[in-house]
2 protein chains.
Amino acid sequence: MLLYQHLASQLRAQIAQGSLRAGERLPSIRQLAHSHGVSIATAVQACLQLEREGLAQARPRSGYFVRAASPPLPATLPSRRRTPGTVSNPMLQDVLDMLARSDLLPLHSATPSLTLLPQSALTASLSRCLRRMPSAALDYAPPQGHLSLRRLIAQRYAQVGVTVSADEIIITAGAMEAISLSLRTLTQPGDVVLVESPTYHGILQAVAALKLKVLEVPNLPDRGIDVERLELLLRQHQVRAAVLVPNFNNPLGSVTDDEAKQALLKSCARHKTIVIEDDIYGELAWSGQRPAPLRRWDRHGGVITCGSYSKILAAGLRVGWLVGGDWTDALLRTKYFSTVGSASLPQLALADYLERHDLQRHLRQLCRALADNAQRMHEAIARHWPSSTRACTPQGGLSLWLQLPGMNAKTLFDEALREGIGTSPGMLFSSRGEYADCLRLSCGLPWSVALDRALRRLGQLADRA
Amino acid sequence: MLLYQHLASQLRAQIAQGSLRAGERLPSIRQLAHSHGVSIATAVQACLQLEREGLAQARPRSGYFVRAASPPLPATLPSRRRTPGTVSNPMLQDVLDMLARSDLLPLHSATPSLTLLPQSALTASLSRCLRRMPSAALDYAPPQGHLSLRRLIAQRYAQVGVTVSADEIIITAGAMEAISLSLRTLTQPGDVVLVESPTYHGILQAVAALKLKVLEVPNLPDRGIDVERLELLLRQHQVRAAVLVPNFNNPLGSVTDDEAKQALLKSCARHKTIVIEDDIYGELAWSGQRPAPLRRWDRHGGVITCGSYSKILAAGLRVGWLVGGDWTDALLRTKYFSTVGSASLPQLALADYLERHDLQRHLRQLCRALADNAQRMHEAIARHWPSSTRACTPQGGLSLWLQLPGMNAKTLFDEALREGIGTSPGMLFSSRGEYADCLRLSCGLPWSVALDRALRRLGQLADRA
C-alpha cells in the first residue's frame, strides 16, 4: 500500500467510526503531514483520494470537509395513484398496538423527547394557572377555545408575516383534530381528496375513516410538492380538498418553496379545491428560517391552516388549532358536536407560558438540537447500515426517511419491536402500501449510546429483512 | 269570608311566598287554632280546603304537608317522527353563540355549579400529579387512555353490579366524543338512527353531522322510553343504531325502569340494532339509588355505554369514556385518527382523586343539593310563573323541563338573553323543532336571591312570550 493510500484508509476509518463527523473539517494538509510523518504531497494525495470516493469535499481557502455520509434519496420514488382510490393499510393495527406500549425506544414517534422541551416552565405555568384560576381550569372552556390563547396564536402568525384574526382560530386536540374536523365539515363520502405521496399516515386514515377517495401528488425530497403534477391532477379530476404538508413533509422533511406555494394556491383556487394545510412542523426549520404557511398568500379564502403545540411544547396537553376563515362557524359546530370543546387548563397554561417566555428562543434551541441529532443519526446509519442505504436530507421537522432497496420494512418492524425498538414502516405513508423498502425514524431523541446501539442493531436487522 | 276561608287564604299566601315550602309540614291543627285564635274545627276546615285545592296533603298520623306546587307535565307530548327524516334546528346558531358568552346566569347549562363540586380536592390532585409525574403529564397518554383511570372506571361499574373490563374502556373528551365516535365508527350516511323525543340536542346534532336519518321514540315523563313503540318502530324500519338515555333523560329527568330496559335490549338484539347508551347522568339519582346502565343486562354484546366525569367532577377536564365491547378496536382507530388521544394530566389527576376520595360520598352530597335546588326552583316557578305552567318531576340529572302552553320559547330565549339569563328553548330537543312552548332550565346552580329573581323575571317574560 502506498503511503497516501495508508493515510487515506486511516482517515476513512476515523470517518466511519464517527471520530471525524460529517460537516467537520479534516486536519489541514500541514497538520496531516506533520502528525502522520508524511510529505505535504502525500497528504494532498490522500485528501484527493477521499474526495474521489465522495467522503470529503474541498472548500476554497478552507480545506477539506467530511461530506454527509449518505447520498440523498433519488427523486424517483414508486409510481403514485393517478386515479382516485380507497386507502388500504394492512399494517395499521400493528402500529396502533405499538403505540399502546411504553417500553420501547420510540424511534417511531415523530415527537421531540421531553428533555428537549421546556418541561419545568410548562409545569410551572400549569401550577400557576391552577393556583390563580382554579375555577377556569375546572370549568368548560368556550367551545372555540380561550381567547387569551387564540390571541397569542394570531400574534405569532403576525410575527411571520401572516394576518390571522383570533376570531377565526379554533382550539383543537392537536393538528389531528384540526384536520379531521376540516374533512368532516367540508367533504361528503365519495368525494376525492388529494394527498401527497409519501404523507403522514394520520392524514390517510382520517381520509379513509370518512370514506373519501384519494389521489396522490408526489412530494419530492429535494423540492416538496410537485406542483405541475398537482395542476394536472386537478384538471383531470374533481377534487374537493387537498390535505397538504408544504413545510417539512412527514416523512421526507422536504419544503415546497414560496414560488411553488403560490402556484399551488392558484391551481387550487382555479379548480375550487379547498386546501387543508397541515403546518404542524412549520416552526421546526433547522436553519432557523421558518417557511411561511400557505395561508400567507391565500387571496380567495381557500385555505384552512392547522397547527399544534404538540411538536414544539408538549404533545400530552393536546392543544392545537385551525385557522378556519369563512368556514369557522361550520367548523365550530362540528367541534362542538364531537367533543364540546378542548380541556381548559392546558389552554390557560400555554397562554401563560407564551406570555412569560420567548418562544422563538426555545425554537432556536430545539431546532439546533434536532439538526444535530439528525446529523449524528445519519452518520451512524452510514457507519452501521448496508452501503446501499439511502437517506433524505430533511430541512426541518422530526423525521428521517431511509430506503434500503430489497428490504421488507414489515419484517424489520416486527424484529425491531421484539428487541424493544419502535419504527415506522414505509407502507404507512402510502395509500396503497407502497414504500415497503422504506422506513421513517424520529430524530427527536437526544443522542446517546443507547441510540447508537439501536441504530447499529436496526442496520443489522435491515440487512436481513 | 268565613273564618276557615280566611285562615286558608293566609296559609295559601305563605305557600305562594315560599315561607311554607313544598314538602314541609303545616303547623299542627292545635298550633294553627292557637296562633290564629280559632277553634280546632275551623283549623281542620281550612286544611281540608287547602287539600281540595291540591296545595296540601294529609299524611296519616303526621298532619298536613305542602304539596309540590306544579302538577307534573301530562304524558301527552306532541307527535313524534314515525318515518325517518333529517334533523333541522333553526335555533342552533343562537345557542352556540350563547355558549361563547361568559356573562350569563347559566340556566341553559346542564352542568353543576363549581361550588357543588370538590374543586380544591381536584386542584390538589392536578398539582400533585404535576409534581410527582411531570413527564407523564406533558407526554402523550396512550391513545386508549391511562390504564390507572380505566381500571377505576371498571371498578365503579363493578360496585353497581356491572361487569366491565378496563381493556374495553376508551377515554374520551366527555360523553359527547364517546357518542360521536360510536356513530362515526358504526354508521354510514343515510343509515337510520333511533333517538328519544325529547332528547339532548347534542345527540341530534351528532346524528345530523353524519347525514344520518332519525326516527323518534317517545320518552314519557313518568316512565321513560316507550318500549312498546320502540319495538314497533324497529319492526317497521331497518334501524342501525339507537342512541338512548334511559337514566335521567335530558331534558325530562325520567327513568326507564329495569324491566323496560331488559325488554328494550331484547327488541334491539332481535332487530340487530346497536344501542349507544348515554349514561352521563346515571350517577345523579336524587334518591341516592343509582339505576343500572343497560350494559348490565347486555347478553349479546349489543351495547356501547358512554359516561363522563363532566357532570359529577369537572366538565373542563374533558374526561369521559366509552365501554366498547367487541367494537373497542374499531372505536380506538376512529379516536386515534381524529384526536390521537385525550389530554394526559386530567386523566392522571382524576385517577389520583378517585383513589384518595370517596366518590359515593361526594355523589350523595351532590344529589341532595340538586334535589333541593330543583325543589326550590319548582316552588319559585309555582309562585312566579303563570298558573298554566306545567313542570316535569325529574328523578335525577340536572334539568327541569317546563311547558307553558302558548309560549314561544324562542322569544323567551331572546328576551332572557338580553337580560343576562341563559335558557335552553324546547325546540333544541326535537329533530324537527317541536316543543316550542317548552323550556329546559338547569338545576345545577345553588339557590340564591339572584336565582329567585331570575326565575321571577323569566316568569314575567314567559307570560308575554
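Definitions and limits used
- Residues numbered from 1 in each chain as written.
- Chains lettered and ligands numbered in written order.
- Predicted model: local features only at pLDDT ≥ 70, side-chain atom pairs only at ≥ 80, totals over all residues.
- Heavy atoms only, no water.
- UniProt positions renumbered as here; feature names shortened; annotations may be inferred.
- Buried < 20%, exposed > 50% of the residue type's maximum accessible area, 1.4 Å probe, protein only.
- Helix = DSSP H or I, 4+ residues; strand = E, 2+ residues; numbered from the N terminus.
- Pairing = 2+ DSSP bridges.
- Contact = heavy atoms within 4.5 Å.
- Axes fitted to C-alpha atoms, helices over the stretch in contact; angles between N-to-C directions.
- Domains from an automatic or database assignment.
- Buried area = accessible area lost by both parts, 1.4 Å probe.
- Polar contact = N/O pair within 3.5 Å; in protein donor to acceptor, adjacent residues only side chain to side chain.
- Nonpolar A, V, L, I, M, F, W, Y, C, P; charged D, E, K, R; others polar.
- Salt bridge = Lys/Arg side-chain N within 4 Å of Asp/Glu carboxyl O.
- Expected span 1.5 Å × (residues − 1).
- Arc of directions from axis to C-beta.
- Least-squares fit on C-alpha atoms with pLDDT ≥ 70 in both.
- Parallel < 35°, antiparallel > 145°, perpendicular 65-115°, else oblique.
- Left-handed = near helix turned anticlockwise from the far one by under 90°.
- Phe/Tyr/Trp six-rings, centres within 6.5 Å; stacked < 30°, edge-to-face > 60°.
- Lys NZ or Arg CZ within 6 Å of the ring centre and 35° of its normal.

- You'll find chain A entered in an unreviewed UniProt entry as PLP-dependent aminotransferase family protein, with Dyella choica given as the organism.
- Here chain A is described in UniProt, under the heading Sequence similarities (unreviewed entry), as follows: "In the C-terminal section; belongs to the class-I pyridoxal-phosphate-dependent aminotransferase family."

**Considerations on the pairing of strand 7 (residues 241-244) of chain B**
Residue and element names in this part refer to chain B.
Line of reasoning, step 1. Burial along strand 7 is two-sided: A241 and V243 facing one way and A242 and L244 facing the other are all buried.
Line of reasoning, step 2. As paired elements, strand 4 (residues 192-197) and strand 7 share 3 bridges and run parallel to each other. For V195, the partnering residue across the bridge sits in strand 7 and is V243.

**Side note on the sheet that holds strand 6 (residues 224-225) of chain B**
All names here are of chain B.
Line of reasoning, step 1. The strand order across the open sheet formed by 8 strands is 3-10-9-8-7-4-5-6, and the pairing between neighbours is mixed. In this open sheet, the two edge strands, each paired with only one partner strand, are strand 3 (169-172) and strand 6.
Line of reasoning, step 2. Here strand 3 runs beside strand 10 (residues 320-323); their pairing, made up of 4 bridges, is antiparallel. When the sheet's bridge partners are listed, T172 is paired in strand 10 with G320.
Line of reasoning, step 3. Contacts from helix 7 (residues 147-159) reach strand 3, strand 9 (303-308) and strand 10, with the element oriented near 115° to strand 3.
Line of reasoning, step 4. Packed onto the sheet, helix 8 (residues 174-186) meets strand 3, strand 4, strand 7, strand 8 (274-278), strand 9 and strand 10 and runs at close to 155° relative to strand 9.

**Topic: the domain arrangement of chain A**
All names here are of chain A.
Line of reasoning, step 1. Split into domains, chain A comes out as domain 1 (3-66), domain 2 (118-356) and domain 3 (361-464).
Line of reasoning, step 2. The C-alpha-based centres of domain 2 and domain 3 are spaced at 26 Å.
Line of reasoning, step 3. Carbon and sulfur atoms supply 64% of the area buried between domain 2 and domain 3, which totals about 2200 Å² over both sides.
Line of reasoning, step 4. Contact with domain 3 buries area across many residues of domain 2, yet H201, P251 and W286 alone supply 33% of it, more than any other trio.
Line of reasoning, step 5. At the junction of domain 2 and domain 3, the tally comes to 9 residue pairs in polar contact (both at pLDDT 80 or more).
Line of reasoning, step 6. Where the side of domain 2 that touches domain 3 is concerned, the elements lending two or more residues are helix 9 (201-209) and strand 5 (213-220).
Line of reasoning, step 7. For the side of domain 2 that touches domain 3, the residue count by class is 17 nonpolar, 6 polar and 4 charged.

**Details of the interface of chain A and chain B**
Line of reasoning, step 1. Between chain A and chain B, the residue contacts involve 51 residues of the former and 51 residues of the latter.
Line of reasoning, step 2. With both chains or domains summed, chain A and chain B bury close to 4500 Å², and 69% of this area falls on carbon and sulfur atoms.
Line of reasoning, step 3. Together, L138(A), Y140(A) and F337(A) form the three largest contributors to the area buried by chain A at its contact with chain B, with a combined 18%.
Line of reasoning, step 4. Summed over the shared surface of chain A and chain B, the result is 0 salt bridges.
Line of reasoning, step 5. For the side of chain A that touches chain B, a count of residues per class yields 24 nonpolar, 19 polar and 8 charged.

**Let's talk about the pairing of strand 14 (residues 438-442) of chain B**
Residue and element names in this part refer to chain B.
Line of reasoning, step 1. Summarising burial for strand 14: 5 of the 5 residues are buried, a large majority.
Line of reasoning, step 2. In strand 14, alternate side chains face the same way, and those of C438, R440 and S442 on one face and L439 and L441 on the other are all buried.
Line of reasoning, step 3. Note: strand 12 (residues 399-403) against strand 14, 5 bridges, orientation antiparallel. Bridge assignment links S399 to a residue of strand 14, and that residue is S442.
Line of reasoning, step 4. Note that strand 13 (residues 424-425) and strand 14 share 2 bridges and pair antiparallel. Paired with P425 across the two strands is L439, which belongs to strand 14.

**So, helix 3 (residues 40-52) of chain B**
Residue and element names in this part refer to chain B.
Line of reasoning, step 1. Here helix 3 contains 13 residues, and its C-alpha end-to-end distance of 19 Å stays within 8% of the 18 Å for a straight helix at 1.5 Å per residue.
Line of reasoning, step 2. Every buried residue of helix 3 is accounted for by T42, A43, A46, C47, Q49 and L50. Buried residues of helix 3, viewed axially, fall in a sector of 155°; they line one side. Seen from the open side of helix 3, the exposed residues pointing more than 90 degrees away from its buried face are A41 and R52.

**Side note on the relation of the copies chain A and chain B**
Line of reasoning, step 1. With an axial shift of 0.0 Å and an RMSD of 0.1 Å, the rotation relating chain A to chain B amounts to 180°. Read as a symmetry element, the transformation amounts to a two-fold axis. Across chain A, the smallest distance between a C-alpha and the rotation axis is recorded for S127(A), namely 3.1 Å.

**Considerations on helix 10 (residues 227-236) of chain A**
All names here are of chain A.
Line of reasoning, step 1. Of the residues making up helix 10, those classed as buried are V227, L230, E231, L233 and L234. All buried residues of helix 10 project into a common sector of 165° when viewed along the axis, lining one side. Of the exposed residues in helix 10, those oriented more than 90 degrees away from the buried face are E228, R235 and Q236.
Line of reasoning, step 2. Each element contacted by the buried residues of helix 10 is listed here: strand 4 (192-197), strand 5, strand 6 (224-225), strand 7 (241-244) and helix 11 (258-270).
Line of reasoning, step 3. Sitting at the amino-terminal end of helix 10 is D226, which places a side-chain oxygen 3.4 Å from the backbone nitrogen of E228.

**Describing the packing of helix 14 (residues 359-384) of chain A against helix 16 (residues 449-464) of chain A**
All names here are of chain A.
Line of reasoning, step 1. At a minimum axis distance of 9 Å, the contact between helix 14 and helix 16 shows a crossing angle of 40°. The angle between the axes of helix 14 and helix 16 places the two elements in the oblique class. Between helix 14 and helix 16 lies a crossing of right-handed hand. Of helix 16, the residues touching helix 14 (which contributes M377, A380, I381, R383 and H384) are L451, D452, L455, R456 and G459.
Line of reasoning, step 2. Split by residue class, the contact of helix 14 with helix 16 holds 5 nonpolar, 2 polar and 3 charged.

**Examining unusual backbone geometry**
Line of reasoning, step 1. The peptide bond linking S197(B) to P198(B) adopts the cis configuration, its omega dihedral lying at -5°.
Line of reasoning, step 2. Structurally, the position occupied by P198(B) is in the loop between strand 4 and helix 9 (201-209).
Line of reasoning, step 3. A positive phi angle, close to 60°, is found at F248(A), a residue other than glycine.
Line of reasoning, step 4. Mapped onto the elements of the fold, F248(A) is located in the loop between strand 7 and helix 11.
Line of reasoning, step 5. One non-glycine residue, R318(B), lies in the positive phi region at around 50°.
Line of reasoning, step 6. Inspection of the secondary structure assignment puts R318(B) in the loop between strand 9 and strand 10.

**Comments concerning the side chain of S254(B)**
Line of reasoning, step 1. Along the polypeptide, S254(B) turns up in the loop between strand 7 and helix 11 (258-270).
Line of reasoning, step 2. Given a relative accessible area of 1%, S254(B) falls into the buried group.

**Section: the packing of aromatic side chains**
Line of reasoning, step 1. Tallied over the entire structure, the rule returns 10 aromatic pairs over all chains.
Line of reasoning, step 2. Ring geometry for Y309(A) versus W321(A): centroids 4.9 Å apart, planes at 55°, classification tilted. Of the two residues, Y309(A) sits in the loop between strand 9 (303-308) and strand 10 (320-323) while W321(A) sits in strand 10, which places them 12 residues apart along the sequence. For the pair shown, Y309(A) and W321(A) are each scored as buried.
Line of reasoning, step 3. Each member of the aromatic cluster is reached from another via a ring pair, and the members are Y157(A), Y309(A) and W321(A).
Line of reasoning, step 4. Between R59(B) and the ring centre of F65(B), over which it is positioned, the NZ or CZ distance is 4.0 Å.

**Observations regarding the pattern of salt bridges**
Line of reasoning, step 1. Tallied over the full model, the rule gives 38 salt bridges over all chains.
Line of reasoning, step 2. Residue K410(B) is joined to D94(B) by a salt bridge in which the shortest nitrogen-to-oxygen separation is 3.4 Å. In this pair, K410(B) sits in helix 15 (residues 409-418) while D94(B) sits in helix 4 (residues 92-99), placing the two residues 316 residues apart along the sequence.
Line of reasoning, step 3. On the basis of relative accessible area, K410(B) is assigned to the partly exposed category, the value being 29%.
Line of reasoning, step 4. Accessibility expressed as a relative area gives 25% for D94(B), which makes it partly exposed.
Line of reasoning, step 5. Where E434(B) meets R432(B), a salt bridge forms, and the shortest distance between an N and an O atom there is 3.8 Å.
Line of reasoning, step 6. One salt-bridge network, in which partners are shared between bridges, spans R156(A), D279(A), E283(A) and R290(A).

**Comments concerning the packing of helix 2 (residues 29-36) of chain A against helix 3 (residues 40-52) of chain A**
Helix-helix packing is described using two parameters, namely the angle between the two axes and the distance between the axes.
Residues and elements named next belong to chain A.
Line of reasoning, step 1. Across the interface, helix 2 lies against helix 3 with an axial gap of 8 Å and an inter-helix angle of 115°. By the angle between their axes, helix 2 is roughly perpendicular relative to helix 3. Along this stretch, helix 2 crosses helix 3, giving a crossing that reads as right-handed. Together, I29, R30, L32 and A33 of helix 2 and I40, A43, V44 and C47 of helix 3 make up the contact between the two elements.
Line of reasoning, step 2. Taken together, the residues of the contact of helix 2 with helix 3 sort by class into 7 nonpolar, no polar and 1 charged.

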